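Listed here are the chains, written in short residue letters.
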Amino acid sequence: MTGGVLAAKFRRDLRHRPAQLVAVVALVMLGVALFGASYDAYKNLDGGYRALFDRYRFADITLAGGDAEAIAREAARTGGVAAAATRTVADVPLRMPDGATMVGRVVGMPAGTQPAVDRVKLRDGAYLDASAPDGVLAEKHIADHAHLRPGSKVQVWRDGAWHGVAVRGTATSPEYLWPARDRQEPLPAPGSFGVLFAPEPLARRIAASASVQGPNQVVVHYTRDGREDAARLDAALTATARRYGAPDAVTRADQPSNAALGEDIKGFSELAYLFPALFLMAAGVAIYVVLTRRVARDRSLIGMLRANGFPRRTVLAHYLATGVVVGLAGAAPGVLLGLALAGTVTRAYTGAIGIPDAQVSVRAGTVLTGVAFALAAGVLAALAPAVAAARVPPAEAMRGAVPSGRGGRGVLARVERLLPVTRRLPAGAWLVLRGPARQPRRTSYTALGVVLALVLILVSWGMLDTSKATVARQFDRIQRQDAELTLAPGTGSGSVPRSGSGSGSGSGSVPVPSVLADLARQPGVSAAEPSANVPVSLEAGGRAYSTALVGLRRDTSMHRFLTSAGARPLPARGLLLGSAMRDRLGLKAGDRLTVRPSTPAGPRAGRRRGSRWPGSWTSRSARSRTPRSGRPRRSRPASARRPCSCGSRTAPTGTRWNGPSRPVRAWSPTPTRGRSSGP
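The paragraphs below set out a description of the structure included in this document. Model, not experiment: these values are computed from the prediction.

Quick notes on the pattern of salt bridges
Evaluation of the coordinates by the stated rule reveals 21 salt bridges. Between Glu175 and Arg87 there is a salt bridge, with the nearest N and O atoms lying 2.6 Å from each other. One end of the pair, Glu175, is in the loop between strand 8 (161-172) and strand 9 (193-199); the other, Arg87, is in strand 2 (residues 81-87), with 88 residues separating them in the sequence. The same class applies to Glu175 as to Arg87, namely buried. Within this structure, Asp54, Asp60, Arg227 and Arg252 form a network of salt bridges that share partners.

Some thoughts on the packing of aromatic side chains
Scanning all chains against the criterion turns up six aromatic pairs. Here the aromatic rings of Phe35 and Tyr39 are separated by 5.5 Å at their centres, their planes lie at 15°, and the arrangement is stacked. A residue pair is termed a helical-turn pair when its members lie 3 or 4 positions apart in one helix, as Phe35 and Tyr39 do in helix 2 (residues 18-55) at four residues. Considering the side-chain rings of Trp157 and Trp162, the 5.3 Å spacing of their centres and the 75° angle between planes classify their relative orientation as edge-to-face. Accessibility classification places Trp157 together with Trp162 in one group, the buried group.

Focus: the nonpolar core
One broad trend across soluble globular proteins is that nonpolar side chains are buried collectively. Counting residues in hydrophobic clusters, the biggest one holds 25 residues, and the most contacted among them are Val28, Ile287, Ile302, Tyr319, Val326 and Ala389. Of all elements in the fold, only helix 2, helix 8 (256-297), helix 10 (312-353) and helix 11 (364-390) reach the threshold of two or more residues within this core. Setting aside residues no more than four positions away along its own chain, Ala389 makes contact with Val295, Ile302, Val315 and Tyr319. Listed in part, the 24 residues of the second largest apolar core include Ala90, Val136, Leu148 and Leu202.

A word on the sheet that holds strand 2
Judged by pairing direction, the sheet is antiparallel, and its four strands sit side by side in the order 2-10-1-11 without closing on themselves. Only two strands of the sheet have a single partner each, and these edge strands are strand 2 and strand 11 (248-251). Taking each pair of neighbouring strands and ignoring which way they run, the sheet shows an average axis angle of 15°. Pairing of strand 2 with strand 10 (residues 217-222), which is carried by six bridges, proceeds in the antiparallel orientation. Along strand 10, the bridge assignment pairs Arg87 with Gln217.

What counts, and at which threshold
- Residues numbered from 1 in each chain as written.
- Predicted model: local features only at pLDDT ≥ 70, side-chain atom pairs only at ≥ 80, totals over all residues.
- Heavy atoms only, no water.
- Salt bridge = Lys/Arg side-chain N within 4 Å of Asp/Glu carboxyl O.
- Helix = DSSP H or I, 4+ residues; strand = E, 2+ residues; numbered from the N terminus.
- Buried < 20%, exposed > 50% of the residue type's maximum accessible area, 1.4 Å probe, protein only.
- Phe/Tyr/Trp six-rings, centres within 6.5 Å; stacked < 30°, edge-to-face > 60°.
- Core = buried A, V, L, I, M, F, W, Y, C linked by side-chain atoms within 4.5 Å.
- Contact = heavy atoms within 4.5 Å.
- Pairing = 2+ DSSP bridges.
- Axes fitted to C-alpha atoms, helices over the stretch in contact; angles between N-to-C directions.

Below is the structure:
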C-alpha cells in the first residue's frame with residue numbers, strides 16, 4: 001500500500017512540470033556525453049600513438065654526433081635495446097616545384113628495405129630503391145603543402161648549386177607526426193620546414209655539402225622490458241655517446257613532434273574532467289532547486305503521510321528516487337552520444353595530423369564511470385531536499401505556512417535599520433526583495449546555477465582569447481620581425497652564394513653587407529639585421545639539454561626581452577636564459593654552464609668562431625608596425641620562419657668560442673615567454 005501510494009505520487013510529480021525535468025536531464029546528458037567523448041578520445045589517441053610507435057619502431061632515444069658507428073655497436077650490445085641504427089641527417093635549403101624555398105631536412109634511410117628504427121608508412125607511390133639513387137620520399141606535411149606527388153621534382157642545395165631529386169612517393173613518419181623542426185620551434189609556419197627521406201648514399205652527399213659528415217645520428221629502439229626501465233637506459237646510452245664525442249641525446253619524451261603532441265594529449269585528459277564536471281555541477285544545482293521547491297509545495301502532504309505511519313526512510317527514498325531517475329535518464333543517451341562523438345573526434349584529429357591508423361574502441365570503464373557520475377550528481381543534489389522532507393514534524397507540517405516568529409530579526413529588517421533611507425522604497429521593491437530573502441539557501445543555489453552557466457561560456461571564450469593574446473604578444477611585442485632570410489649551411493659571414501634558377505648553376509657570390517643593405521632598401525622594409533642561430537647543448541650540474549643559441553645585436557630592434565619589470569637589453573657578456581631553461585638546469589644568475597656547439601645532426605668538426613655559423617637576416621616591414629586597431633594584421637609570408645624564442649638561448653653577436661665546450665657565464669632574467677611545448 002505504501003509503495004503504491006508513493007509510486008502514484010511520483011508519476012504525478014513527473015507529469016506535473018516535465019519541462020524542468022527535461023532541462024535537468026539534458027544537462028546530465030551533456031555532461032556524460034562530454035566526458036565519454038573527451039575521455040575516450042584521449043584514450044584512443046594515447047593508445048593509437050603507442051601502437052603506432054611500436055608498429056613503426058619509433059626511436060626511444062636519438063644520439064647525435066660523435067663516432068656514430070661505435071655508438072651504435074655499443075648500444076646494440078646493451079641489455080634492453082631491441083635495435084640500434086645509424087643514419088645521416090642534415091638541414092639544407094629546398095626548392096619546391098612552384099619555386100618556393102624553405103629550410104628542409106634530409107633523413108637517410110636504407111634503399112629497398114625499411115630501417116630497423118624509425119620506419120615510415122608509405123601513403124602513395126613506391127619506396128626507396130637502389131636503382132633510383134636520386135629518388136626520395138616526401139613527408140606528408142611537405143607533400144600536402146607543396147602538392148608533391150610521385151614524379152614531382154624537388155631541388156636540394158648542395159655544393160653551391162641546386163640539384164634536382166625525384167619524388168618516388170609520400171610517407172608518414174612517427175618522427176614527424178607534427179612537423180616540428182626542434183623543441184624551440186614547435187609551431188613552424190606552413191611552408192617553412194619540410195622533410196625528405198633519401199637513400200643513405202644520397203643523404204651523405206647532401207650532408208657533406210653542409211659540412212656534416214655522415215652517418216651522424218644513432219637511433220635506438222628499446223624492448224618492452226627495456227622501456228619499463230627507460231630512465232636507466234637513457235642515462236647509460238647518453239654516457240656511452242658522450243664517451244664517443246656525441247654532445248646531443250634526445251629521449252622519446254623530448255623528441256620535438258612527440259613532445260608537442262604530448263601537450264595536446266595532456267590537454268585532452270584535463271578537459272575530459274573539467275567540462276563534464278561543470279555540466280554535472282549545473283545539473284546538480286538544478287536538481288537541488290527543483291526538489292527544494294517540490295518539498296516546500298508538498299509540505300502539508302508530507303505531514304499527512306508521516307501522521308499516517310509512513311516512516312522517515314520511506315519519505316527520504318521517495319525524494320531521492322527523483323535524483324536517481326534524472327541521473328539514469330540523462331546517463332543513457334549521454335553514454336550513447338559520447339561513444340559516437342569519441343569516434344568522430346578521434347578520426348578528425350588523427351586525420352588532421354596524419355596518423356595512419358586511427359584506433360576507436362568502446363571501453364566499459366568509460367561507460368560505467370559516466371553512469372556513476374550521473375547517478376552521483378543526481379543523488380547528491382537530491383540528498384539535502386530529501387533529508388529536509390524526512391525531518392518535517394507531522395503536526396507542524398499539516399499546520400501549513402506560519403510566520404517564522406523572528407519578528408524583525410530577518411536580513412531585510414536589519415538592512416532597514418542600518419540604512420533608514422531604504423524605508424522610502426516602494427512596496428513593489430520590497431516584494432521583490434522579500435521573496436529571495438525568505439529562502440536564502442535556495443536563492444544562493446539558483447545564483448550558483450547562473451554562475452556555472454556563465455563559467456561554461458567564459459571558459460571557452462577565455463581559452464580562445466588567451467590563445468590570441470599569447471600569439472599577439474609573441475609576434476607583436478617580442479619577435480617583431482616579419483620575415484627571416486636563412487643562409488645556406490656552411491656559408492661564411494663574408495659572402496652569400498649566388499644561386500641560379502636551375503640545377504648546376506650557382507657560381508659567384510654576393511657580399512653579405514651588400515645583401516643586408518639591399519634588403520633594407522626594399523619598399524616597405526624599415527629595418528634589416530643579421531642574426532645567427534647555433535644549435536648547442538647546454539650542460540650544468542650533470543644536466544644537459546639541446547637547444548638553440550640565437551645571436552643578435554645588442555641594440556636589436558627585432559627582438560625584445562620582456563621581464564616582470566619591463567624590457568631589458570642583452571647582457572654585454574654571458575648568455576640570457578629563459579626561466580624554463582633556468583629551472584630545468586637548476587641555474588641562477590651568475591652560475592656557469594658549458595656550451596657545446598653542434599649542428600642539428602651533430603657537432604661541427606674543428607673550431608668555429610661565432611661569425612662562421614649559419615645565420616639569417618631578419619627584416620621588419622614598416623607597415624607591420626602600424627596600430628592593429630581598425631584593420632586585420634598583415635599575415636607573414638608562408639615561407640617566413642616563425643621560431644618560438646622561449647626555448648632559445650640568446651647572446652650578443654660577436655660572441656667568440658675558443659673551443660667546442662667553452663664554459664660561459666649564464667644570465668637568468670626570467671623573461672616573459674610565449675606558449676611553448678618545451679623550455
